[in-house]
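A look at the structure
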Amino acid sequence: MEKTATIIKRASINVNQLDSIKIGDFLSDEYGKSGKVSEIEKIKRHGEYHYYIKLLKSGTILIIL
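Residues numbered from 1 in each chain as written. Predicted model: local features only at pLDDT ≥ 70, side-chain atom pairs only at ≥ 80, totals over all residues. Heavy atoms only, no water.

Next up on the list: the pattern of salt bridges. One pass over the full model with this rule turns up 3 salt bridges. Notably, a salt bridge pairs Arg10 with Asp29, separated by 3.4 Å at the nearest N-O pair. Taken together, the positions of Arg10 in the loop between strand E1 (6-8) and helix H1 (15-19) and Asp29 in strand E2 (residues 26-29) put the pair 19 residues apart, joining distant regions of the chain. Between Lys42 and Asp19 there is a salt bridge whose closest N-O contact spans 3.6 Å. Of this pair, Lys42 sits in strand E3 (residues 34-45) while Asp19 sits in helix H1; the two residues are 23 residues apart in sequence, bridging distant segments of the chain. Looking at Lys42, the relative accessible area reads 42%, which means it is partly exposed. Its relative accessible area of 41% is what places Asp19 among the partly exposed residues. (Salt bridge = Lys/Arg side-chain N within 4 Å of Asp/Glu carboxyl O. Helix = DSSP H or I, 4+ residues; strand = E, 2+ residues; numbered from the N terminus. Buried < 20%, exposed > 50% of the residue type's maximum accessible area, 1.4 Å probe, protein only.)

Time to look at the environment of Thr4. If you trace the backbone, Thr4 turns up in the segment before E1. A relative accessible area of 70% places Thr4 in the exposed class.

Mapped onto the fold, Leu55 is located in strand E4 (residues 48-55). Of the residues examined, Leu55 reaches a relative accessible area of 2% and is grouped as buried. For Leu55 and Ser28, which are 27 residues apart along the polypeptide, the C-alpha to C-alpha distance reads 9.8 Å. Not counting the four nearest positions on each side in its chain, Leu55 is found in contact with Lys33, Ser34, Gly35, Lys36, Val37, Ser38 and Ile61. (Contact = heavy atoms within 4.5 Å.)

Quick look at the structure:
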């Protein structure tokens with residue numbers, strides 16, 4: 001069974017959707033970066049949430065809310 005990637009659109013995503021992402025999920029963003037999630041780091045700084053989602057072999061997706 002082949003899994004489909006969850007598409008992340010920065011303009012319409014919220015904190016609850018980002019918190020539901022788990023290691024092992026397949027993600028894709030609107031800029032074409034996609035892959036399997038290997039690490040997630042969430043930082044709260046100055047009232048903003050910074051989500052660093054590291055993908056296997058594809059780099060990192062940064063989302064600031």
